[in-house]
Structure formats: structure tokens, C-alpha cells
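Okay, here's what each chain looks like letter by letter:
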Amino acid sequence: MPAAALGAVFRPQLAPERLRRVARLADDAGLDELWLWEDCFREGGISTAAAALAWTERVRVGVGLLPVPLRNVAITAMEAASLHRMFPGRAILGVGHGVQDWMGQVGARVESPVTLLREHLHALRALLAGERVTVDGRYVKLDDVALDWPPDGPPSGVLAGATGPRSLRLTGEAADGTILTASTNAEGVRAARQLVEEGRAAAGRGAGHHPVVVYLLTATGPDADTRLRAELVAEGVDSVPDLGVAGDAGAVAKAVERLVEAGADSVVLQPTADEPDPEGFVRFAAEQVRPLVP
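The rules behind these values
Residues numbered from 1 in each chain as written. Predicted model: local features only at pLDDT ≥ 70, side-chain atom pairs only at ≥ 80, totals over all residues. Heavy atoms only, no water. Phe/Tyr/Trp six-rings, centres within 6.5 Å; stacked < 30°, edge-to-face > 60°. Helix = DSSP H or I, 4+ residues; strand = E, 2+ residues; numbered from the N terminus. Buried < 20%, exposed > 50% of the residue type's maximum accessible area, 1.4 Å probe, protein only. Contact = heavy atoms within 4.5 Å. Expected span 1.5 Å × (residues − 1). Axes fitted to C-alpha atoms, helices over the stretch in contact; angles between N-to-C directions. Parallel < 35°, antiparallel > 145°, perpendicular 65-115°, else oblique. Left-handed = near helix turned anticlockwise from the far one by under 90°. Nonpolar A, V, L, I, M, F, W, Y, C, P; charged D, E, K, R; others polar.

S.K.: Teacher, can you tell me more about the packing of aromatic side chains here?
M.R.: Given two aromatic rings, one states the distance between the centres and the angle between the planes to describe the pair. Counted under the stated rule, the structure contains two aromatic pairs. An angle of 90° between the planes, with centres 6.2 Å apart, marks the rings of Trp-35 and Tyr-215 as edge-to-face. Taken together, the residues Trp-35 in strand S2 (residues 33-36) and Tyr-215 in strand S9 (residues 212-219) connect sequence positions 180 residues apart. Per residue, the accessibility class of Trp-35 equals that of Tyr-215, and both read buried. Ring geometry for Trp-37 and Tyr-215: centres 5.7 Å apart, planes at 75°, overall edge-to-face. Of the two residues, Trp-37 is situated in the loop between S2 and helix H2 (45-55) and Tyr-215 in strand S9; the sequence distance between them amounts to 178 residues. Here the two residues Trp-37 and Tyr-215 agree in accessibility, since each one is buried. An aromatic cluster is built from Trp-35, Trp-37 and Tyr-215, whose rings are joined through pairwise contacts.

S.K.: Mind showing me how you'd approach the environment of Val-189 here?
M.R.: Within the fold, Val-189 resides in helix H7 (residues 186-202). Each C-alpha atom, one on Val-189 and one on Pro-222, is 29 Å from the other, the two residues being 33 residues apart in sequence. Beyond its immediate sequence surroundings of up to four residues, Val-189 is in contact with Leu-180, Thr-184, Val-214, Leu-259, Ala-262, Gly-263 and Ala-264.

S.K.: Quick question: what am I supposed to make of helix H10 (residues 278-289) here?
M.R.: At 3.6 residues per turn, the α-helix brings residues three or four places apart onto the same side. Spanning twelve residues, H10 covers 15 Å between terminal C-alpha atoms, matching the ideal 16 Å at 1.5 Å per step. Of all twelve residues in H10, nine are buried, a share of seventy percent or more. Listing the buried residues of H10 in full gives Pro-278, Glu-279, Gly-280, Phe-281, Val-282, Phe-284, Ala-285, Ala-286 and Val-289. Against strand S1 (5-10), helix H1 (19-29), S9, helix H9 (249-262) and strand S11 (266-271) lie the buried residues of H10.

S.K.: Can you walk me through the packing of helix H5 (residues 113-128) against helix H6 (residues 165-174) in this structure?
M.R.: In helix packing, the relevant descriptors are the interaxial angle and the interaxial distance, both defined with respect to the helix axes. Relative to each other, H5 and H6 sit at 15°, their axes nearing to 10 Å. Considering their axes alone, H5 and H6 lie roughly parallel with respect to each other. The handedness of the crossing between H5 and H6 is right-handed. Here H5 contributes Val-114, Leu-117, Arg-118, Leu-121, His-122 and Arg-125 to the contact with H6, which in turn contributes Arg-166, Ser-167, Leu-170, Glu-173 and Ala-174. Along the lines of polarity and charge, the residues of the contact of H5 with H6 split into five nonpolar, two polar and four charged.

The analysis is restricted to geometry; functional conclusions fall outside its scope.
Below is the structure:
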């Protein structure tokens, strides 16, 4: 199995005009992945990913997540295919339910988020594989749709975000990889991996490897412990053991290794929302933590 990838998040609390410098730093410093979020009502996921990819040469750029209630699956497929063709091997796209309160704010909340995500995933993967798709689902409806410009080569993988057991089994059934939030400790990664594999087995998808991406809330610097604790409290997860990491590169690398040993293929360092130096955080991840992670 290949070595685990290390990434960092450009959090959408930062103004979009700061992305260029952060992306170039990630590229120049040797970071494996830079991840973006399509959080309502901040930056758009596809627009920022396209810009970051255009500004860089080698770093992989992930979007985790695109909320499927906001997107017709044909549009998702068109945009994903364009990125894959323009930047082969460098775009990583994940989809998910979206935050239900946000979906309600824009009139996009659905009765069954799991059903919508399942239908979206099946249709999206088929379109990106170059298939012509007709489907009349509960939410996804396509009539003889095919992409003129599907990705070249093998079908491009589609990741999906999940937290609960039903959604985790669904990612095993219908996605090509799973994204876990920063509320997932090592034990949670093990449990998630098991549920994903149950979904894969039920769908007859036992062959091949299903990558798991997990965010790791990370703080470094003189006030790291205080900032980490404050964010865990704000997110209501301060009672979860071994969640997040505060400290120097060695401490962060050990936390990454614990998640990798539990089944993560990619660990993405997530700075606190009040990180005082986002550029420095990316440099820290690439230059100090990356060399310590096998």
C-alpha cells in the first residue's frame, strides 16, 4: 500500500483572495494535498479548486465537500470532468449531504438525504465513466445524458463524506473513497473503515482499495493548547478522547501516525478557525510534519 498522504485545509473563513499565496506555498513546500471546503455561504468549491490547480504544478487539490442538494448531478459531472481533463491526476472531489440547516436556508433540504446521496453517487460515477445515463429516481432524474468530455483514461474516483453508520455503509456501496470529519479519532477511523467495508461487501465491491481521508484538527505555536481546546468546545466534541492535536511537529506526526494505523490513507491537517498564520501553518505541515510521517 502506498505511503499515507499529508494535506492541509484552506479554511473558507479566510478571504478567497488569500488562496493563491497558500496554494503556491503548498506546492513549493512539497505538501501532498491542499483541501478546500464548499461551506455555505463562503467560497465555491469548484471555482476555488480550479484556481488553486491553475496556480500550482504538482500539489493535489481536494474539495470536501460539494453538497449534493445544491447541485444537479449533470453539473457536478461536467465540472468534475473538466477539472480532471485540465489537471490530470490532481483533482480530488468529494460530495456529501451538506449541513441540513444550511440546505434548509436555501430551500434545498430533502426528506431523505441518504437516498439523494446514493442516487447522486451512482449517476455521477456512471457519467464520469463515460456512460450514457437514463434514471428516474426519487431525486435524480436524467434522460439519455452523457458527457461529451468525460475524463480521459480510467474513471475518476468520487469520494463521499459521511458520519453516521448508514452514510458510511453507503460510501462503501456507492463511492470510490470516504471523507471523515475532524470529529473522528483513531477508534472512529477503525469503526468507519469497518462500516465502509460492510457496504462494499453488500454491494459486491470487494476488489480494490477504498481510500479513507480524515481531517485532523491541529494547532501549533505558543497558544496551541488553548486554541485547540476552544475549538473542540465550540464544536461540542470536547468530551471525545484523543481528538485533535496541539504541539510541535513531532506531536502532530504521532497523531497522524495513529490515524494511519487505524486505517486512514490521507490525513489532512485542519487549522483552528482562528489560526493566526495560515501560510505558516501550510509551511509547518509540509516542511516539519511531512518528513516525520512515513
